[in-house]
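Residue-level listing of the chains:
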There are 2 protein chains.
Amino acid sequence: MRNFKVTMAYDGTAYHGFQRQSNAASVQQTVEEALCTLLKEENVTINGCSRTDKGVHAREFVFNFHSESTITEKGVVFGLNALLPGDIGISKCEIVPDSFHARFDCKGKEYEYLVHNSRIKNPFYAHTAHMHYVTLDENKMNAAAQAFVGEHDFKAFCSTACDKKSTIRVVNEFSVKREGDMVSFKVSANGFLYNMVRIMVGTLIFISDGRIAADSLPSIIDSKDRTKAGKTAPAQGLYLNKVFY
Amino acid sequence: MRNFKVTMAYDGTAYHGFQRQSNAASVQQTVEEALCTLLKEENVTINGCSRTDKGVHAREFVFNFHSESTITEKGVVFGLNALLPGDIGISKCEIVPDSFHARFDCKGKEYEYLVHNSRIKNPFYAHTAHMHYVTLDENKMNAAAQAFVGEHDFKAFCSTACDKKSTIRVVNEFSVKREGDMVSFKVSANGFLYNMVRIMVGTLIFISDGRIAADSLPSIIDSKDRTKAGKTAPAQGLYLNKVFY
């Protein structure tokens, strides 16, 4: 029995998130079905590094699975890419120690959030960025966002549907940059709460638009009150960018 | 009664082409329904500059419609953008002479075809470019493609489903260029036959792959035989880029 660690990217538009659902297409089910075909095994379960919401994308998503198959690592990459639809791509496969688990061994992650900031509606970003027509101040947002860096209780930046025991997380880095019409929010942390990045981004957009004061982030964090933070930014702008082990 | 000329872009992934269909979502139907709501009129018919196939995109598509409405040009742009889904964007609206017709007055068009040429499957191009794993020789294809320029009978580069009386067209320019992993084919002509660009691109890919000789394009054109040309390249790589009046 070998343990395969696989890295993939996906456009989440057509999926109801990574995790298998009883009544909707998920990335997990799509990959597991392709693996069953490829390995000629009846049940293959993959351990994903993370859940992702409906419509959220991944540039680097890691999963692992155990198999008796004698297939090579290259065989997994080429075979899965041939069997999977165009919106899921496998980039790497390695054999790892039996104990490796993509979720439990994850030390941190980096997310990117893209906002297409233009008065001209670009239909080619409809599913891959959030549209914001009012001009955003990326410097103001970047300065404010530094209040997120460090160990904090992020309860105010967590969906009320969140079921995690502790809401304390360590944010290592937060940057807001512009390239032309695209504003990019990048955040890395040792872990994320449900909707945490999308609420952080929504709050920073409110700060840029003047609906929340630029210096109020520390007090919003301290309040541990979700209603003090901004709106949850929509799913289609969010990318799981990197996974750290 | 005023005549409105409107320029739009769309991601064609979710549509069965521009033209209204009885049993499937089309760009035309989506825009006409939005116009009926915006103008509070019961039937608004738009004249599109072209048909596009299922899954084909447009960066600049022109249509016109007549209306008694007193709405401003800006009102059409903002109103339609608010009512239309994210994958259709309106960029411009002008009042034009009553006789203007987006299709009949069209003097020529430019198409672009995108091929993502990489050994690494990129899921973010699944619906917006054609994937080709074998390295393409853009210089060889660009040199060969110059045989298309000029007035020719393009019957060999027309789907057998084509119902046009004359298959003679004038190609003004054809260029093949690479930027990183993306190979772009640009062609402008006074008109195009059904699937013409996609068959031209498929034939050039066969030339790059060595399945058709680089110097055989003039004789393929002369043959007027569809079976001598290459495979029709898939719809998702094709963009209507510009419309000339």
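A brief look at the structure comes next.

What counts, and where the lines are drawn
- All residue numbers refer to positions counted from 1 along the written sequence of the respective chain.
- Whichever chain is written first becomes A and whichever ligand is written first becomes 1, with later ones labelled in order.
- Predicted model: local features are reported for residues with pLDDT of at least 70 only, side-chain atom pairs are reported and counted for 80 or more only, and whole-chain, interface and lining totals are derived from all residues.
- In computing side-chain properties, one takes all heavy atoms of the structure into account and sets aside hydrogens as well as water.
- A run of DSSP states H or I qualifies as a helix once it reaches four residues; a run of E qualifies as a strand once it reaches two. Both are numbered from the N-terminal end.
- The buried label applies to any residue whose accessible area, calculated with a 1.4 Å probe on protein chains only, is under 20% of its type's maximum; exposed applies above 50%, and partly exposed to all values in between.
- Only heavy atoms matter for contacts: two residues are in contact if any of them lie within 4.5 Å across the pair.
- Accessible area that two parts lose when put together, with a 1.4 Å probe and added across both, is what the buried area reports.
- Should a side-chain nitrogen of Lys or Arg be within 4 Å of a carboxyl oxygen of Asp or Glu, the pair is scored as a salt bridge.
- Think of it as three bins: nonpolar holds Ala, Val, Leu, Ile, Met, Phe, Trp, Tyr, Cys and Pro, charged holds Asp, Glu, Lys and Arg, and polar takes everything else, Gly as well.
- In the analysis that follows, any N or O atom pair within 3.5 Å is treated as a polar contact, provided that within protein one partner can donate a hydrogen and the other can accept it, and provided that, for residues neighboring in sequence, both atoms belong to side chains.
- The arc under discussion is defined with respect to the helix axis, by the directions toward the C-beta atoms.

Further remarks concern unusual backbone geometry. Residues other than glycine seldom take positive phi values, yet Lys224(A) does so here, at roughly 55°. Positionally, Lys224(A) belongs in the loop between α5 (217-223) and β10 (238-244). A residue is classified by how much of its surface remains accessible, and Lys224(A), at 43% relative accessible area, is partly exposed. A positive phi angle, close to 55°, is found at Lys40(B), a residue other than glycine. Following the sequence through the fold, Lys40(B) ends up in the loop between α1 (27-39) and β2 (47-48).

To continue, consider the interface of chain B and chain A. On the chain A side, the residues contacting the 20 residues of chain B number 21 residues. At the boundary of chain B with chain A, total buried surface from both sides reaches about 1600 Å², with 66% on carbon and sulfur atoms. Looking at the side of chain B facing chain A, the largest losses of area belong to Lys121(B), Pro123(B) and Phe124(B), adding up to 44% of the total buried there. Applying the counting rule to chain B against chain A returns 0 salt bridges. Looking at the side of chain B that touches chain A, the elements that each hand over two or more residues are β1 (2-10), β3 (57-67), α2 (73-83) and β4 (88-96) of chain B. Among the residues making up the side of chain B that touches chain A, the classes are represented as 11 nonpolar, 4 polar and 5 charged.

With respect to the helices and strands, His130(A) occurs in strand β6 (residues 130-132). When sequence neighbours within four positions are dropped, the list of residues in contact with His130(A) reads Tyr113(A), Leu114(A), Val115(A), His116(A), Ile205(A), Pro234(A), Gln236(A) and Gly237(A).

Quick look at the side chain of Ser67(B) now. Residue and element names in this part refer to chain B. Within the element layout of this structure, Ser-67 appears in strand β3. Given the relative accessible area of 1%, Ser-67 is considered buried. Within the local environment of Ser-67, its side chain forms a polar contact with the backbone nitrogen of Ser-69, the two atoms lying 2.9 Å apart. For Ser-67, the residues in contact, after removing those within four places along its chain, are Met-1, Arg-2, Phe-4, Leu-39 and Glu-41.

Turning next to helix α3 (residues 138-145) of chain A. All names here are of chain A. Buried within α3 are the following residues: Glu-138, Met-141, Ala-144 and Ala-145. Along the axis of α3, the buried residues cluster in a sector spanning 130°; they form a single face. Exposed residues pointing more than 90 degrees away from the buried face of α3 are listed as Asn-139 and Ala-143. The inward-facing, buried residues of α3 abut β8 (168-179), β9 (182-189), α4 (196-208) and α5. Between the side-chain oxygen at the start of α3 and the backbone nitrogen of Asn-139 there is a gap of 3.2 Å, and the oxygen is on Asp-137.

For the structure on display, the rule yields 12 salt bridges over all chains. A salt bridge links Asp53(A) to Arg198(A); its shortest N-O distance comes to 3.2 Å. Of this pair, Asp53(A) sits in the loop between β2 (47-48) and β3 (57-67) while Arg198(A) sits in helix α4, and the two are 145 residues apart along the sequence. Ionic pairing is found between Arg178(B) and Glu138(B), a salt bridge with its closest N-O pair at 3.0 Å. Separated by 40 residues along the polypeptide, Arg178(B) in strand β8 (residues 168-179) and Glu138(B) in helix α3 (residues 138-145) bring together distant segments of the chain. Since its relative accessible area comes to 29%, Arg178(B) is described here as partly exposed. Residue classification places Glu138(B) among the buried positions, given a relative accessible area of 17%.

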